[in-house]
Amino acid sequence: MRQRSAILLAGACLAAMAACGGGEKAKAGGPEVTAKDLSFKPAKISVKLGDQVTWTFEDKGTSHNVTAEDGSFRSENLAKGTFVHPFDKPGSFSYICTIHPTQMKGTVDVRA
Ligand SMILES: [Cu+2]
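Please read these numbers as outputs of a predicted model, since none were measured by experiment.

### Examining the pattern of salt bridges
Right, on to step 1. Considering all chains together, one arrives at three salt bridges under this definition.
Right, on to step 2. In this structure, Lys44 and Asp109 form a salt bridge, with 3.6 Å as the shortest nitrogen-oxygen distance. With a gap of 65 residues between them, Lys44 in strand β3 (residues 44–48) and Asp109 in strand β8 (residues 105–111) connect regions that are remote in the sequence.
Right, on to step 3. Among the residues examined, Lys44 registers a relative accessible area of 55% and is labelled exposed.

Structure (structure tokens):
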């Protein structure tokens, strides 16, 4: 029964792309960073003031997080899914994954 429900749900998503995929599609075009293979890709991005950055977690079996070195933003530990943070102050914001602090570092440069 459980499997059948999942198939029905998948069917419903296909039938209503706007409902299931709309959120991600709406963010398309915004800056994106992928957490994968124990790294952030790209490790350094430049965005415009007011942009929302979307981090997508794609490391199978390994959770990561996004933690600003100045404490201004922090995600949960995530093995999949996304974390979105809007940048409304100009500057250079360094962040790490606190689970893998030596391998996983990134920077968001916010231009006014
Ligand atoms: Cu990590």
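### Concerning the coordination of the copper ion
Note on metal geometry: ideal angles are 109.5 degrees for four donors arranged tetrahedrally and 90 or 180 degrees for six donors arranged octahedrally.
Right, on to step 1. Within the protein, the copper ion binds to His64 (ND1), Cys97 (SG), His100 (ND1) and Met104 (SD); these donor distances fall in the range 2.0 to 2.7 Å.
Right, on to step 2. Around the copper ion sit four donor atoms; with metal-centred angles ranging over 81 to 133 degrees, the donor geometry is irregular.
Right, on to step 3. Along the chain, the residues donating to the copper ion fall in the pattern H-x32-C-x2-H-x3-M.
Right, on to step 4. Residue classification places His100 among the buried positions, given a relative accessible area of 12%.

### A closer look at the packing of aromatic side chains
Right, on to step 1. Here the structure, examined in full by the defined rule, presents eight aromatic pairs.
Right, on to step 2. The interplanar angle of 85 degrees and the centroid separation of 5.3 Å between the aromatic rings of Trp55 and Tyr95 together place this pair among those described as edge-to-face. Taken together, the positions of Trp55 in strand β4 (residues 52–57) and Tyr95 in strand β7 (residues 91–96) put the pair 40 residues apart, joining distant regions of the chain.
Right, on to step 3. Judged by its relative accessible area of 1%, Tyr95 is buried.
Right, on to step 4. Centroid distance Phe87 to Phe93: 5.7 Å. Interplanar angle 50 degrees. Geometry classified as tilted.
Right, on to step 5. Residue classification places Phe93 among the buried residues on the basis of a relative accessible area of 14%.
Right, on to step 6. Each residue in the set Phe40, Trp55, Phe73, Phe83, Phe87, Phe93 and Tyr95 is aromatic and connected to the rest through ring pairs, giving one cluster.

Cut-offs and rules
- Residues numbered from 1 in each chain as written.
- Predicted model: local features only at pLDDT ≥ 70, side-chain atom pairs only at ≥ 80, totals over all residues.
- Heavy atoms only, no water.
- Salt bridge = Lys/Arg side-chain N within 4 Å of Asp/Glu carboxyl O.
- Helix = DSSP H or I, 4+ residues; strand = E, 2+ residues; numbered from the N terminus.
- Buried < 20%, exposed > 50% of the residue type's maximum accessible area, 1.4 Å probe, protein only.
- Donors = N, O, S within 2.8 Å, 3.2 Å for Na, K, Ca; no water.
- Tetrahedral: all angles 85-135°; square planar, octahedral: opposite > 155°, others 65-115°.
- Phe/Tyr/Trp six-rings, centres within 6.5 Å; stacked < 30°, edge-to-face > 60°.

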